[in-house]
Amino acid sequence: MAVLPGPAAQILADPGLTGAVIIVTGAGSGIGAAAARQLGAAGARVVLVGRRPGPLEEEIGRAHV
């Protein structure tokens with residue numbers, strides 16, 4: 001999994017993410033999916049939002065949501 005650059009890396013380094021609830025749109029693929037996985041791994045509770053149920057269900061299996 002690639003690490004997001006710049007400001008995204010600063011957000012992920014924030015210990016205040018543990019228990020935070022974050023809504024990620026476009027979470028079924030691409031940047032949205034990567035962000036959801038990394039935010040979940042950082043301790044946030046992630047709400048996945050997208051247009052297609054299939055890819056979202058796959059991401060739920062991959063993410064720590």
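What this report covers is the structure whose coordinates are included nearby. On a predicted model such as this, the values are computed, not experimentally measured, just so you know.

1. Some points on the environment of alanine 34
The residue alanine 34 is located in helix H2 (residues 30-41) in this model. Taking the relative accessible area as the measure of exposure, alanine 34 reaches 16% and is therefore buried. Through-space distance from the C-alpha of alanine 34 to that of glutamate 59 is 9.3 Å; in sequence the pair is 25 residues apart.

2. Considerations on H2
Over its 12 residues, H2 runs 17 Å from end to end, which matches the ideal 16 Å to within 8%, given 1.5 Å per residue. Regarding H2, the residues found buried are Gly32, Ala33, Ala34, Ala35, Ala36, Gln38, Leu39 and Gly40. Just downstream of H2, glycine 43 is the residue with a positive phi angle, here 105°.

Scoring rules and cut-offs
- Residues numbered from 1 in each chain as written.
- Predicted model: local features only at pLDDT ≥ 70, side-chain atom pairs only at ≥ 80, totals over all residues.
- Heavy atoms only, no water.
- Helix = DSSP H or I, 4+ residues; strand = E, 2+ residues; numbered from the N terminus.
- Buried < 20%, exposed > 50% of the residue type's maximum accessible area, 1.4 Å probe, protein only.
- Expected span 1.5 Å × (residues − 1).

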